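This is what each chain is made of:
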Amino acid sequence: MNKKQGISVRTVVAIGIGTAIFFVLMRYIPIPTGVPDTNINLAYGFLALMGAIFGPIAGGLIAFLGHMFNDLTWGEPWWTWIVADGIYGILFGLTRKYLNIENGDLTKRKLVLFNVYQVLIAILVWGIIAPTGDVLVYSEPASKVYLQGITSVICNALSVGILGTILLVAYARTRSKKGSLKKES
């Protein structure tokens, strides 16, 4: 049998709507941290949900496009962080099969492991990839961008840990567990 290739219309629509929501959350609801150009962004908590539902392609594109449009409203796109966000979205999307959120089977163990995973990818993406890119591409001072990176790791891990977990649990509760429906006699 031929398996259908490509992404579904549902996923394409989710990318469009997800990008718009990610942009709005990032652009209009940033919470300042006191570190220049570094905010707590609720968009990343939302991204956790979108990646868990729609997978790595959707997660990556939502984060990449949403961050790019946000930067364009301020002027110059900061490509190192935009690309890092795309990587972050892809890595969130890899949780799709593990979390199996569509079947409503989201256990406490899965949530704990998800949060350990999201902290590790936050460290990788914002603690290493984005600031290193700033140093290599934009010749930014390392002390400045690594401070921004560490602040982003903490803030965005909290955003995902709190808002992302709430959204994942709420969504999972709307789904029927596989085998939970029984035929009446």
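Going by the structure above, here's the rest.
Read on for a plain summary of the structure. All of these numbers come straight from a predicted model, not from anything done at the bench. (Residues numbered from 1 in each chain as written. Predicted model: local features only at pLDDT ≥ 70, side-chain atom pairs only at ≥ 80, totals over all residues. Heavy atoms only, no water.)

This part takes up the pattern of salt bridges. Applying the stated criterion across every chain, the model contains four salt bridges. Glutamate 102 is the partner of arginine 10 in a salt bridge, and the nearest nitrogen-oxygen pair spans 3.5 Å. Placement of the pair is arginine 10 in helix H1 (residues 9-28) and glutamate 102 in the loop between helix H5 (96-99) and helix H6 (108-138), with a sequence separation of 92 residues. Using a relative accessible area of 25% as the deciding quantity, one classes glutamate 102 as partly exposed. The salt bridge involving aspartate 105 is made with lysine 110; its shortest N-O contact spans 3.7 Å. The partly exposed category is assigned to aspartate 105, whose relative accessible area is 34%. Overlapping salt bridges, with partners in common, bring together Arg10, Glu102 and Arg175 in one network. (Salt bridge = Lys/Arg side-chain N within 4 Å of Asp/Glu carboxyl O. Helix = DSSP H or I, 4+ residues; strand = E, 2+ residues; numbered from the N terminus. Buried < 20%, exposed > 50% of the residue type's maximum accessible area, 1.4 Å probe, protein only.)

Another aspect to go through is the packing of helix H2 (residues 43-54) against helix H4 (residues 79-93). For the pair H2 and H4, interaxial distance at closest approach is 7 Å and the crossing angle is 45 degrees. One way to sum up the angle between H2 and H4 is to call them oblique. The handedness of the crossing between H2 and H4 comes out as right-handed. Contacts from Tyr44, Leu47, Ala48, Gly51 and Ala52 of H2 reach H4 at Asp85, Tyr88, Gly89, Phe92 and Gly93. (Axes fitted to C-alpha atoms, helices over the stretch in contact; angles between N-to-C directions. Parallel < 35°, antiparallel > 145°, perpendicular 65-115°, else oblique. Left-handed = near helix turned anticlockwise from the far one by under 90°. Contact = heavy atoms within 4.5 Å.)

The biggest cluster of nonpolar side chains holds 38 residues, and the ones touching the most others in it are Tyr88, Trp126 and Leu168. For this core, the elements supplying multiple residues, two or more each, are H1, H2, helix H3 (56-74), H4, H6 and helix H7 (142-173). With 10 residues, H2 is the single largest residue contributor to this core. With sequence-adjacent residues up to four places away left out, leucine 168 is seen in contact with Ala48, Leu49, Ala52, Leu99, Ile101, Leu106, Leu111 and Phe114. (Core = buried A, V, L, I, M, F, W, Y, C linked by side-chain atoms within 4.5 Å.)

Moving on, we get to the side chain of asparagine 70. When you line up the elements, asparagine 70 lands in helix H3. Every residue in contact with asparagine 70, bar those within four places of it in the chain, is listed here: Phe23, Met26 and Arg27.

Looking at the element boundaries, alanine 20 is found in helix H1. Each C-alpha atom of the pair alanine 20 and isoleucine 62 lies 8.3 Å from the other, and the pair is 42 residues apart in sequence.

This part covers H1. For H1, spanning 20 residues, the distance from its first C-alpha to its last is 28 Å, which sits close to the expected 28 Å at 1.5 Å a residue. All of the buried residues along H1 are Thr11, Ala14, Ile15, Gly18, Thr19, Phe22, Phe23, Leu25 and Met26. Seen along its axis, H1 keeps its buried residues to an arc of 165 degrees; they face one direction. Projecting away from the buried face of H1 at angles above 90 degrees are the exposed residues Val9 and Tyr28. (Expected span 1.5 Å × (residues − 1). Arc of directions from axis to C-beta.)

Once that is clear, we can look at a nonpolar patch on the surface. There is a patch of nonpolar side chains on the surface, built from Val112, Val116, Val119, Leu120, Ile123, Leu124 and Ile128 and spanning about 570 Å² of accessible area. Mapped onto the elements, valine 119 comes out in helix H6. (Patch = residues over 30% accessible without salt bridge, like charges linked within 9 Å, V, L, I, M, F, W, Y side chains within 5 Å. Areas by Shrake-Rupley, 256 points an atom, 1.4 Å probe, with all protein chains shown as cover.)

Moving on, we come to the packing of aromatic side chains. With the rule as written, the count across this model stands at nine aromatic pairs. Ring geometry for tyrosine 44 against tryptophan 126: centres 4.8 Å apart, planes inclined by 70 degrees, an arrangement best described as edge-to-face. With tyrosine 44 in helix H2 and tryptophan 126 in helix H6, this residue pair connects regions lying 82 residues apart in the sequence. Per residue, the accessibility class of tyrosine 44 equals that of tryptophan 126, and both read buried. On the numbers, 5.7 Å between centres and 25 degrees between planes, the contact of phenylalanine 92 with phenylalanine 114 is stacked. Within this pair, whereas phenylalanine 92 is found in helix H4, its partner phenylalanine 114 is found in helix H6, the two being separated by 22 residues in sequence. Residue phenylalanine 92 shares its accessibility class with phenylalanine 114, and that shared class is buried. One aromatic cluster in this structure is built from Phe22, Tyr44, Tyr88, Phe92, Phe114 and Trp126. The residue whose ring lies beneath arginine 27 is tryptophan 74, and the NZ or CZ to ring-centre distance is 4.1 Å. (Phe/Tyr/Trp six-rings, centres within 6.5 Å; stacked < 30°, edge-to-face > 60°. Lys NZ or Arg CZ within 6 Å of the ring centre and 35° of its normal.)

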